[in-house]
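Architecture at a glance
Residues per chain, in single letters:
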Amino acid sequence: MRTKAAGPRGTGGRSPRLSRDLVVETAVALVRDQGLRQLSMRTLAERLGVTPMAVYKHVANRDALALLCVESILGAVVLPEERLAPVAWLRKLAGRLRAVGLRHRGLMDFLLEEGPVVQPALVILDRTVRKLHAAGIPWKEAGALHNTFFSWLAGAVRRQEPWDVSTPGAPPPFERFFAAAEALSAGDYPGLAHSLPHMRATDAGREFEASLGFMLEGIQRRIDARQTSPRKR
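Let me begin by describing the structure that accompanies this report. (Residues numbered from 1 in each chain as written. Predicted model: local features only at pLDDT ≥ 70, side-chain atom pairs only at ≥ 80, totals over all residues. Heavy atoms only, no water.)

1. Quick notes on the packing of helix H5 (residues 86-103) against helix H7 (residues 119-134)
The test is simple: A fitted line through C-alpha atoms represents every axis, and for helices the fit uses only the stretch in contact; the resulting angles, taken between N-to-C directions, go from 0 to 180 degrees. The helix and strand labels rest on DSSP assignments: H or I over at least four residues marks a helix, E over at least two residues marks a strand, and numbering proceeds from the N terminus. Any angle that falls under 35 degrees is termed roughly parallel, while one over 145 is termed roughly antiparallel, one within 65 to 115 roughly perpendicular, and all others oblique. By convention the crossing between two helices is left-handed if the near helix lies anticlockwise of the far one by an angle smaller than a right angle, and right-handed if it lies clockwise. Should any heavy atoms of two residues lie within 4.5 Å, those residues are considered in contact. Each residue is assigned to one of three groups, with Ala, Val, Leu, Ile, Met, Phe, Trp, Tyr, Cys and Pro labelled nonpolar, Asp, Glu, Lys and Arg labelled charged, and all others, Gly among them, labelled polar.
Contact pair H5 / H7: the axes reach a minimum separation of 10 Å and the direction vectors enclose 160 degrees. By the angle between their axes, H5 is roughly antiparallel relative to H7. The handedness of the crossing between H5 and H7 is left-handed. Contact residues: Pro86, Trp89, Leu90, Leu93 and Leu97 in H5; Ile124, Arg127, Thr128, Lys131 and Leu132 in H7. Its residues assigned to classes, the contact of H5 with H7 shows seven nonpolar, one polar and two charged.

This is the structure:
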């Protein structure tokens, strides 16, 4: 006979009173354990030790639950100090968002598919655009830079997710790519031949830092170019 999963316990071993806050808090914990895509009203109800109908009294549906989870997760991100220059500010923020994204698999997929639809993501957008604009970047260009930078960031974090959850004995990430590339003639594909050893030797952390450096260097050059020419706002 199937037993009901034990839910969160309050003082005295009793289950705490179900509330919207508890529902979201427990759902975020599930996202950390299983990933956002695996989150469902049924698995949440099992974790809480209640029926799915009890959860529906606090959250309308699974989409609404996912939205609340993303809002809660991003709401915990502390923005860098305002005194920092734009590129240093973006570097620090990128590191914090990467850590959050790797801890909550599926978060970056959500942002890539839905965009910055929750209030904390909109705050990040606003602060980033304002930071770039204050450095001399026109509003339109600052918005485009935000979109480019954070689309890259979400993609970079999403790409690393399988590396962090691979099972023991599983082949290394991108092994099929390496095998296909190595099967080609080095004389016909010298770019691949020269790049592959470096790609194999680079771990996820170093790869992220290198690509982050490329992105930030490009942004800094645009800032420098604007600051040496008349502003167009």
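2. Regarding the pattern of salt bridges
This is how the line gets drawn: Salt bridges, as used here, are contacts in which a Lys or Arg side-chain nitrogen is within 4 Å of a carboxyl oxygen on Asp or Glu. The cut-offs for exposure are 20% and 50% of the maximum accessible area for each residue type, with area from a 1.4 Å probe on protein chains only; residues under the lower value are buried, those over the upper are exposed, and the others partly exposed.
Per the counting criterion, the structure on display carries 15 salt bridges. Between Glu182 and Arg200 there is a salt bridge whose closest N-O contact spans 3.1 Å. Remark: Arg200 occurs in helix H10 (residues 190-201) and Glu182 occurs in helix H9 (residues 175-182); sequence separation between them is 18 residues. When its relative accessible area of 41% is taken as the criterion, Arg200 is described as partly exposed. Arg206 serves as the salt-bridge partner of Asp203, at 3.4 Å between the closest nitrogen and oxygen. A single network of salt bridges, built from pairs that share partners, joins Arg37, Asp109, Glu113 and Arg158.

3. Looking at the environment of Leu18
Checked against the element boundaries, Leu18 lands in the segment before helix H1 (20-34). Excluding residues that lie within four positions of it along the chain, Leu18 makes contacts with Val23, Leu48, Val50, Ala54, Val55 and His58.

4. Notes on the side chain of His146
This is how the line gets drawn: We define a polar contact as two N or O atoms separated by no more than 3.5 Å, with the added condition that, inside protein, one atom must be a possible hydrogen donor and the other a possible acceptor, whereas residues neighbouring each other in sequence contribute only through side-chain atom pairs.
Residue placement: His146 occurs in helix H8 (residues 139-165). Looking at His146, its side chain comes within polar contact range of the side chain of Asn147, at 3.0 Å.

5. Notes on the packing of aromatic side chains
To keep things clear, this is the line we draw: Stacked, edge-to-face and tilted are the three classes for Phe, Tyr and Trp ring pairs, Trp counted by its six-membered ring, which pair at centre distances within 6.5 Å; planes under 30 degrees apart are stacked, over 60 edge-to-face, the rest tilted. To sit over a ring, a charge needs its Lys NZ or Arg CZ within 6 Å of the ring centre and within 35 degrees of the ring normal.
In the structure shown here, the tally under the stated rule is four aromatic pairs. Pairing Phe149 with Phe150 gives two aromatic rings, centres 5.2 Å apart and planes at 90 degrees, and the pair type is edge-to-face. For the pair Phe149 and Phe150, one class covers both residues: buried. Here the aromatic rings of Trp152 and Phe208 are separated by 5.6 Å at their centres, their planes lie at 20 degrees, and the arrangement is stacked. Within this pair, whereas Trp152 is found in helix H8, its partner Phe208 is found in helix H11 (residues 204-227), the two being separated by 56 residues in sequence. Side by side, Trp152 and Phe208 carry an identical accessibility label, which is buried. Here the aromatic cluster, defined as three or more aromatic residues joined through ring pairs, consists of Phe149, Phe150, Trp152 and Phe208. Here the guanidinium or amino end of Arg98 rests over the ring plane of Phe208, the centre of that ring lying 4.5 Å away.

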